[in-house]
Amino acid sequence: MDTTPVHPRLWHRDFWLLAMADMFLTMSMYMFLPLLAQWICVGKGQNVSSMMGVMGSYAVGLFIFGPFCNYFVQRHRRNKVYMVAAMGVVVSLLLIGFDVYGLFGKQLPMEAVVAARFMQGASFALAQMVLLSTLAVDVAESAQRTDANHALSWFSRLAMVLGPLAAYELLRYLPVGIVFFVMAAMAFMALLMVALAKIPFKAPDDEFSIVDTDRFFLGKGKWLFFNNLLFAAVVGMLLYTYADAYCYGMMLVGFYIAIRILPILLAAPQNRWQTVIVILTALVAVVAMSFIEVMPLFLLSFLCWGVLIGLVSSQMSVMYIHVSRHCQRGTSQSTNFMSWEFGVALGVMLAMFLDSYGECFMIHAYVWVTTAILTALFFLIYIFFTLPWCLLHHQREKV
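These numbers were taken from a predicted model, which means no experiment stands behind them. (Residues numbered from 1 in each chain as written. Predicted model: local features only at pLDDT ≥ 70, side-chain atom pairs only at ≥ 80, totals over all residues. Heavy atoms only, no water.)

Peer 1: What is the right way to read the packing of aromatic side chains from this model?
Peer 2: In this description, an aromatic ring pair is defined by two values, namely the gap between the centres and the angle between the planes. For the structure on display, the rule yields 22 aromatic pairs. Ring centres of W11 and F15 lie 4.9 Å apart, and the angle between their planes is 80°; on these two criteria the pair is classed as edge-to-face. Overall, W11 belongs to the partly exposed group, its relative accessible area being 33%. Measuring from centroid to centroid gives 5.4 Å for Y242 and F298, while their planes differ by 70°, and the two rings are edge-to-face. Of this pair, Y242 sits in the loop between α9 (222-241) and α10 (245-266) while F298 sits in helix α12 (residues 295-322), placing them 56 residues apart in sequence. Summarising the burial analysis for this pair, Y242 and F298 share the class buried. Three or more aromatic residues joined by ring pairs form one cluster here, namely F231, W340, F378, F379 and Y382. One cation-aromatic arrangement involves R117 over F32; the distance from NZ or CZ to the ring centre is 4.1 Å. Residue placement shows R157 over the ring face of W154; its charged tip is 4.5 Å from the ring centre. (Phe/Tyr/Trp six-rings, centres within 6.5 Å; stacked < 30°, edge-to-face > 60°. Buried < 20%, exposed > 50% of the residue type's maximum accessible area, 1.4 Å probe, protein only. Helix = DSSP H or I, 4+ residues; strand = E, 2+ residues; numbered from the N terminus. Lys NZ or Arg CZ within 6 Å of the ring centre and 35° of its normal.)

Next comes the structure, spelled out in structure tokens:
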């Protein structure tokens with residue numbers, strides 16, 4: 001007898017559990033951004049290059065388990081693979097929290113800290129790839145799967161801002177070590193939510209390889225990968241450089257505006273109106289960002305960045321789906337995740353490098369110029385190459 005549950009609506013109990021797991025796990029990773037300086041430079045007496053090394057090890061770790069993702073979910077229960085990966089995140093966060101308080105007798109050497117961050121990147125990436133490429137598809141009916149991908153991408157997007165905002169506020173009242181334990185608790189909550197979700201059993205394929213790009217990297221989406229990475233690098237620079245509750249709050253307002261106007265823009269023929277509106281929003285964001293001494297204009301910039309991030313990342317996510325074949329939906333979403341996370345990590349490292357050059361206004365000038373250049377490069381590649389290429393190579397309905 002077939003006992004696979006049928007859900008007439010997307011937003012049922014199991015999907016809510018997966019969505020909240022996505023948010024909590026992603027928040028636990030993005031809470032690192034406001035903590036890095038206090039932890040590495042102040043707590044461990046290291047310099048900016050050490051911070052870049054810690055962030056770089058995380059970025060490299062993102063790719064380690066990807067080639068084995070399909071083997072893991074074919075060989076083992078899919079929700080169990082997620083839970084083991086999430087536990088890897090919990091353990092790595094606890095190690096860092098214990099290190100802050102010297103509970104190992106003395107502080108860990110930087111090599112061990114770099115290894116812990118590498119473990120975080122690897123575990124987080126595996127957990128998210130399993131969630132986005134497999135679990136989200138398992139609990140959604142065929143007609144709902146694009147909506148499911150779109151919804152989960154928004155939970156990740158909100159977590160990207162809510163995580164640093166929560167850490168920034170917690171640091172006002174708690175020492176940095178306790179915040180690391182809070183992050184570990186959030187990652188454990190994500191594990192529990194997936195454990196509570198009822199995931200339908202799926203028999204493994206008759207043949208599968210130990211090393212495979214399935215559920216990891218969509219080779220046909222390599223141009224989208226590079227284009228998405230450029231924009232994500234801009235976001236990484238913004239999140240790290242302007243760790244301020246007001247800036248994060250305005251980005252959340254921008255997200256709300258983007259959610260409200262997305263249904264209209266995605267319906268526009270061949271995205272012409274969306275492209276015009278997005279470019280105008282980018283211009284306002286970049287120009288207003290230069291007025292750091294005029295607070296209303298500066299905050300307007302971050303509202304525009306919120307709208308821009310919401311519109312661009314939503315469109316890129318949809319484009320990944322449309323250039324993939326029917327059986328490659330999960331792979332497309334994993335590729336989207338990898339390009340975004342790797343790009344954000346590179347952006348944070350670039351911001352750290354610029355941050356080492358001295359005074360506040362000089363750093364802002366460097367960040368503003370770099371942000372303007374990367375944003376312009378993103379749109380030039382997107383308009384004149386990526387979008388025409390995707391319209392030519394779509395495998396589903398028009399983008």
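Peer 1: Honestly, the environment of I321 in this entry has me stumped. Any pointers?
Peer 2: Counting through the fold element by element, I321 comes out in helix α12. When the C-alpha positions of I321 and Q333 are compared, they lie 7.3 Å apart, and in sequence the two are twelve residues distant.

Peer 1: Even after reading the chapter, I still don't get helix α13 (residues 329-355), so can you show me in this structure?
Peer 2: It helps to recall that an α-helix has 3.6 residues per turn; residues three or four apart then point in one direction. Taking 1.5 Å per residue, 27 residues should reach 39 Å; α13 reaches 39 Å between its end C-alpha atoms and fits that length. The element α13 is largely enclosed, with a buried count of 22 among its 27 residues. (Expected span 1.5 Å × (residues − 1).)

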